[in-house]
Amino acid sequence: MTSTVEENIGEDNPVIRNTYERQLQGYWDTKTTDDINLLLGAEDGLYHHHYGIGGYDPAVLAAPPERREALILREMHRMENAETELILDALGNIPAGARGMDAGSGRGGTSFVVAERFGCRMDGVNFCAHHIAFAERVAKERGWDDRVQFHYANMLQTPFADESFDFIVSNETTMYVDLHDLFAEFARLLRPGGRYVCVTWCRNETVADRSDASRRIDEHYVSRMHRRGTYFQAMAANGLVPFHVGRHTAEAIPYWELRDHSERRTGVEKPFLEGYREESMDYLVIGCERVR
């Protein structure tokens with residue numbers, strides 16, 4: 001398989017376009033050894049850079065000390081895999097001949113899950129070179145490289161032709177970009193009637209002033225979390241019409257409760273718990289179709 005890390009690096013299509021993107025790329029470039037992600041995906045090859053939903057087995061917290069951390073990490077990974085089901089369910093029936101794009105594909109977990117479920121072709125887009133190299137290695141080792149490829153590119157300015165994709169997904173990546181620019185690019189890439197599904201954490205503007213939880217999360221991740229309403233405004237402005245909106249805020253809380261017990265906790269657990277419990281933040285799944 002031809003290496004994609006060197007693709008599209010040049011004056012005509014610069015991958016990193018401004019100071020913020022350079023800062024963000026620098027943040028991810030330093031995370032080459034990230035136990036909270038790498039340990040969880042080692043067993044099944046699904047390395048995620050998103051979080052989990054649903055309840056957890058409280059028995060793992062009562063396990064003997066020498067087994068407790070391993071059981072916590074395994075349970076967290078199960079919840080991460082369950083989260084990807086939100087995307088699969090929202091996409092509906094995708095034919096095996098379809099082509100999809102994973103915007104901000106990380107180490108490939110979501111791309112692999114979607115390709116495995118539907119038997120379709122997936123193109124992951126990411127501007128972190130070591131993530132791409134990692135994902136390509138996993139794809140080859142697991143025999144997934146015939147359907148999944150990864151590209152060093154900016155999801156706001158991809159190298160693909162107009163109407164290249166039947167669907168696009170993004171899994172907790174939209175808080176790093178301008179939504180109007182992003183959805184304009186997705187509308188260009190989608191074929192008429194094509195679907196876009198995102199999972200995201202966002203500010204609930206009706207009560208967001210009650211808490212600074214989202215500010216602390218942005219500081220931790222170098223993110224720029226959006227208000228909930230901005231998603232729908234930007235979609236409407238770009239001819240993307242929602243057909244599914246799911247609010248899973250309460251279901252997101254147990255993951256962070258469990259992660260707060262892990263030896264690998266990073267300190268961001270508290271603001272996520274605060275934001276979700278007081279509902280100054282939301283955890284959403286949005287599915288839409290390109291109508292023009």
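Up top is the structure these notes are about.
Numbers given to residues run from 1 along each chain, matching the order in which its sequence is written. Restriction of local features to residues with pLDDT of at least 70 applies here, the model being predicted, together with a cutoff of 80 or more for giving and counting side-chain atom pairs; totals for whole chains, interfaces and linings are based on all residues. The side-chain quantities take in all heavy atoms of the structure and omit both hydrogens and water.

**Student:** Which residues make up the overall build of the protein, and what values go with them?
**Tutor:** Helix and strand content of the protein: 10 helices and 7 strands. Against the globule reference of 19 Å for 292 residues, the protein gives a C-alpha radius of gyration of 18 Å, in line with a compact fold. In the protein, which comprises 292 residues, the share counted as buried stands at 57%. Contact criterion: two residues are considered in contact whenever any of their non-hydrogen atoms come within 4.5 Å of each other. Put simply, of all contacts in the protein between residues at least 6 apart along the chain, 80% involve residues at least 24 apart. Computed with the Shrake-Rupley method and a 1.4 Å probe, the accessible areas treat only the protein chains shown as cover for residues. When the accessible surface of the protein is totalled, it reaches about 12,200 Å², and 47% of it is carbon and sulfur. Under this rule, positive means Lys or Arg and negative means Asp or Glu; His and the chain ends count for nothing. Note on charges: their place is set at NZ of Lys, CZ of Arg, CG of Asp or CD of Glu. The centroid of the 33 positive side-chain charges in the protein is displaced by 1 Å from the centroid of its 47 negative side-chain charges. Starting at the N terminus, helices and strands are each numbered in turn, a helix being any DSSP run of H or I of at least four residues and a strand any DSSP run of E of at least two. With C-alpha atoms as the basis for the radius of gyration, the globule rule is written as 2.2 Å multiplied by the number of residues raised to the power 0.38. Exposure categories follow from relative accessible area, calculated using a 1.4 Å probe and restricted to protein chains: below 20% of the type maximum is buried, above 50% is exposed, and the middle band is partly exposed.

**Student:** Lay out unusual backbone geometry with the relevant residues and their values.
**Tutor:** Positive phi outside glycine occurs at Glu172, with the angle close to 60 degrees. Examined against the element boundaries, Glu172 turns out to sit in the loop between strand E4 (165-171) and helix H6 (179-189). Take Glu172: its relative accessible area is 3%, and that puts it in the buried class. With a phi angle near 60 degrees, Val222 is a residue other than glycine that sits in the positive phi range. Counting through the fold element by element, Val222 comes out in the loop between helix H7 (213-221) and helix H8 (228-237).

**Student:** Talk me through the sheet that holds E4; I want residue IDs and the actual numbers.
**Tutor:** Two strands pair under a simple rule: DSSP has to find at least two bridges between them. Strand order across the open sheet formed by 7 strands is E3-E2-E1-E4-E5-E7-E6, with mixed pairing between neighbours. Unpaired on one side and paired on the other, strand E3 (148-152) and strand E6 (240-247) mark the two borders of the sheet. For this sheet, the mean angle separating the axes of adjacent strands, direction not counted, is 20 degrees. Contacting strand E1 (99-103), E4, strand E5 (190-203), E6 and strand E7 (281-290), H6 crosses the sheet at an angle of about 155 degrees to E5. To get an axis, a line is fitted to the C-alpha atoms, and for a helix only the part in contact is used. The angle between two axes follows their N-to-C directions and goes from 0 to 180 degrees.

**Student:** An account of the pattern of salt bridges is needed here, citing residue identities and associated values.
**Tutor:** Any two side chains of opposite charge can pair, so long as their charged atoms come close to each other. The term salt bridge refers to a side-chain nitrogen of Lys or Arg lying within 4 Å of a carboxyl oxygen of Asp or Glu. Tallied over the entire structure, the rule returns 26 salt bridges. Residues Asp212 and Arg215 are paired through a salt bridge, measuring 2.6 Å at the closest nitrogen-oxygen approach. Residue classification places Asp212 among the partly exposed residues on the basis of a relative accessible area of 32%. The residue Arg216 makes a salt bridge to Glu274 at a minimum N-O spacing of 3.0 Å. Of this pair, Arg216 sits in helix H7 while Glu274 sits in helix H10 (residues 269-277), placing them 58 residues apart in sequence. Look at Arg216 and you get partly exposed, because its relative accessible area is 26%. By sharing partners, the salt bridges in this structure join Asp212, Arg215, Arg216, Glu219 and Glu274 into a single network.

**Student:** Describe the packing of H7 against H10, listing the residues and the values that go with them.
**Tutor:** Their axes nearest at 8 Å, the elements H7 and H10 cross at an angle of 150 degrees. For H7 against H10, the interelement crossing comes out left-handed. Residues Ala213, Arg216, Ile217 and Tyr221 of H7 lie in contact with H10, whose contacting residues are Lys270, Pro271, Phe272, Glu274 and Gly275. Residues were grouped as follows: Ala, Val, Leu, Ile, Met, Phe, Trp, Tyr, Cys and Pro as nonpolar; Asp, Glu, Lys and Arg as charged; and all remaining residues, including Gly, as polar. Across the contact of H7 with H10, the residue classes break down as 5 nonpolar, 1 polar and 3 charged. In this scheme, a crossing is called left-handed if the near helix is turned counterclockwise away from the far one by less than a right angle; it is called right-handed if the turn is clockwise.

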